[in-house]
Amino acid sequence: MSAMLKSVTVFAPASISNVGPGFDVLGFAIEGMGDKITLSHRTDAEYVIEALGAELPLDPKRNVATVALKSFCDSLGHKGGFDITIEKNFKPGSGLGSSASSAAGTVFAANELLGKEYPKTQLIGYAIDGEAVASGNRHGDNIVPCMLGGFVGVKACDPFEGFSLNYPEDLKVLIIFPDVPIKTSEARQILPEQISMTSGIQQAANMAGLIKGMTEGDYDLIRSSLKDNFAQPFRKTLIPMYDQVEEVVMASGASGFNISGSGPTMFAFFREGDEQSALKGKINQLYHSEGIKVQLHESTVNKNGVELL
Ligand code: HSE
């Protein structure tokens, strides 16, 4: 890319993290949802944020995108300012990696705008610096899939170590978003500091089963392994109608169900061709009866991650 660019626009996909037993470890990018981010140079040294489609902090010290951007620019010694326009097509606080989309998208855009040509894997640490502002913790299970696309495992953040996972080509995802806000930082605080050996062993068994199921396209194994002992039992209490939704989803023959990120979004796996309209009707009815708005979105795994528009 040329260092002469005045402006770049990128798309940074939403993502589902904490996939079953992969708390803080497994995540995948999703199609059709994400941030459109435009970054351009300023003649002064300010970072000026414009937020479209959602209310975001406009203070550069509190906005995940500008914290990540500053971390990247500090490492380069770049002192110039930027105008940053972040256009959201999904709600922050929904559990779909909103802060990761903004942070990863902005660092990727800066790399392009400044003509640096760093590989995406080298940008991950800066994006995590931004994400940490929102969650109070350094984890990469949204940042990494958003950056790289596909289905990923994160072994370490500093420095980044991770891998891509194969998944069945006909994998479909139903995203269920009841419109109640949950902050990742608060959803982390309710988690226990310790877990029992029994719980840890079960989690490891489910992780092994999920990886084998994903890589071999064994949907029965995916269904029986997409379970979480670390966060789901605690966080489900923050999500209205969680147990009822799980019951109708699993009864519909889904290939697994769990919380997306820190919630309130939940997700279910299906195979392409599986009929979901009756299930969607039931979920709509459940939330409607409680006066809670719910959005349902069918998607697939986004293979590309953040990209130039
Ligand atoms: N792994 C993270 C968590 C994802 O559960 O806190 C949400 O950002």
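Preceding this section is the structure that the text describes.
Criteria and cut-off values
Residues numbered from 1 in each chain as written. Predicted model: local features only at pLDDT ≥ 70, side-chain atom pairs only at ≥ 80, totals over all residues. Heavy atoms only, no water. 1 Å grid on protein atoms, 1.4 Å probe; cavity = no way out; pocket = protein on both sides within 12 Å on 5 of 7 lines; lining within 4 Å. Points joined across faces, edges and corners; volume = space filled by probe spheres on them. Helix = DSSP H or I, 4+ residues; strand = E, 2+ residues; numbered from the N terminus. Nonpolar A, V, L, I, M, F, W, Y, C, P; charged D, E, K, R; others polar. Polar contact = N/O pair within 3.5 Å; in protein donor to acceptor, adjacent residues only side chain to side chain. Contact = heavy atoms within 4.5 Å. Expected span 1.5 Å × (residues − 1). Buried < 20%, exposed > 50% of the residue type's maximum accessible area, 1.4 Å probe, protein only. Pairing = 2+ DSSP bridges. Axes fitted to C-alpha atoms, helices over the stretch in contact; angles between N-to-C directions. Near = heavy atom within 4 Å. Areas by Shrake-Rupley, 256 points an atom, 1.4 Å probe, with all protein chains shown as cover. Sits in = over half its atoms within 2 Å of the grid points. Left-handed = near helix turned anticlockwise from the far one by under 90°. Phe/Tyr/Trp six-rings, centres within 6.5 Å; stacked < 30°, edge-to-face > 60°.

### Considering the layout of surface pockets
Roughly 830 Å³ of internal volume is contained in the largest pocket. For the largest pocket, the lining is made up of 40 residues, of which Pro92, Gly93, Ser99, Ala134 and Thr184 are closest to its centre. Among the secondary structure elements, those contributing two or more residues to the lining of the largest pocket are strand E1 (7-19), strand E2 (22-41), helix H2 (98-113), helix H3 (120-135) and helix H5 (184-189). Take the lining of the largest pocket: its biggest share by element is four residues, from H3. Looking at the lining of the largest pocket residue by residue, the classes come out as twelve nonpolar, 17 polar and eleven charged. By volume, the second largest pocket is sized at about 290 Å³. Along the wall of the second largest pocket there are 14 residues; nearest its centre are Ala45, Tyr47, Pro60, Thr66 and Lys70. Considering each element in turn, the lining of the second largest pocket owes the most residues, five residues, to helix H1 (residues 64-76).

### Concerning the side chain of Ser102
Checked against the element boundaries, Ser102 lands in helix H2. For Ser102, the side chain forms a polar contact with the side chain of Asp35, separated by 2.6 Å. Here Ser102 is in contact with Asp35, Ile37, Val64, Ala65, Ile86 and Lys88, once residues within four sequence places are set aside.

### Focus on H1
Along an α-helix, residues three or four positions apart point the same way, because every turn accommodates 3.6 residues. Between its first and last C-alpha atoms H1 spans 19 Å; for 13 residues at 1.5 Å apiece the expected length is 18 Å, and the two agree. The complete set of buried residues in H1 reads Val64, Ala65, Thr66, Val67, Ala68, Leu69, Ser71, Phe72 and Cys73. Against E2, strand E3 (47-52), strand E4 (82-88), H2 and H3 lie the buried residues of H1. Immediately beyond the C-terminal end of H1, within one or two residues, lies Gly77, with a positive phi of roughly 75°.

### A closer look at the sheet that holds strand E8 (residues 257-259)
Hydrogen bonds between backbone groups are what pair the strands of a sheet, and the pairing can be parallel or antiparallel. Pairing within the open sheet is antiparallel, and its four strands lie in the order E8-E9-E7-E10. Of all strands in the sheet, those bounded by a partner on one side alone are E8 and strand E10 (294-299). Between one strand axis and the next, the sheet turns by 20° as a mean value, whatever way the strands run. Two elements, strand E7 (residues 171-178) and E10, share six bridges in a ladder whose sense is antiparallel. Across the sheet, residue Ile175 finds its bridge partner in E10, namely His297.

### Considering empty space enclosed by the protein
Using the criterion set out here, one finds one cavity of 30 Å³ or more in the structure. Estimates place the volume of the largest cavity at around 40 Å³. Taken together, Asn18, Gly20, Asp228, Ala231, Gln232, Arg235, Asn258, Ile259 and Gly261 form the lining of the largest cavity. Broken down by secondary-structure element, the contributors of at least two residues to the lining of the largest cavity are helix H8 (232-235) and E8. Here the lining of the largest cavity is composed, by residue class, of two nonpolar, five polar and two charged.

### Section: the site of the ligand
Neighbouring residues of the ligand: Ser17, Asn18, Phe23, Asp24, His139, Asp141, Asn142, Thr184, Arg188, Arg235 and Ser262. Between the ligand and Asp24, the relevant distance is 2.5 Å, taken from a nitrogen atom to a side-chain nitrogen or oxygen of the residue. Within the side chain of Arg188, a nitrogen or oxygen atom sits 2.6 Å from an oxygen atom of the ligand. Coverage of the ligand by the protein chains reaches 96% of its 260 Å² of free accessible surface. In a pocket analysis with a 2 Å cut-off to the grid points, the ligand is assigned to the largest pocket. Taken together, the elements giving at least two residues each to the shell around the ligand come down to E1, E2 and H5.

### What about the packing of H1 against H3?
H3 packs onto H1 with a crossing angle of 145° between their chain directions and a minimal axis gap of 7 Å. Considering how the two elements wind past one another, H1 and H3 form a crossing that is right-handed. Contact residues: Val64, Val67, Ala68, Ser71, Phe72 and Ser75 in H1; Leu123, Tyr126, Ala127, Asp129, Gly130, Val133 and Ala134 in H3. Residues belonging to the contact of H1 with H3 are distributed by class as follows: nine nonpolar, three polar and one charged.

### Some thoughts on the packing of aromatic side chains
Summed over all chains, the structure comprises nine aromatic pairs. Measuring from ring centre to ring centre gives 6.2 Å for Phe28 and Phe267, while their planes differ by 75°; the resulting arrangement is edge-to-face. A residue pair is termed long-range when its members are at least 10 positions apart, and Phe28 in strand E2 and Phe267 in strand E9 (residues 266-271) qualify at 239 residues. For the pair Phe28 and Phe267, one class covers both residues: buried. Pairing Tyr47 with Phe82 gives two aromatic rings, centres 5.7 Å apart and planes at 55°, and the pair type is tilted. Here Tyr47 is found in strand E3, whereas its partner Phe82 is found in strand E4, with 35 residues between them in sequence. Residue classification places Tyr47 among the buried positions, given a relative accessible area of 14%. Note on Phe82: relative accessible area 0%, which makes it buried. Ring-pair connections join several aromatic residues into one group, and the members of that group are Phe28, Phe151, Tyr167, Phe267 and Phe269.

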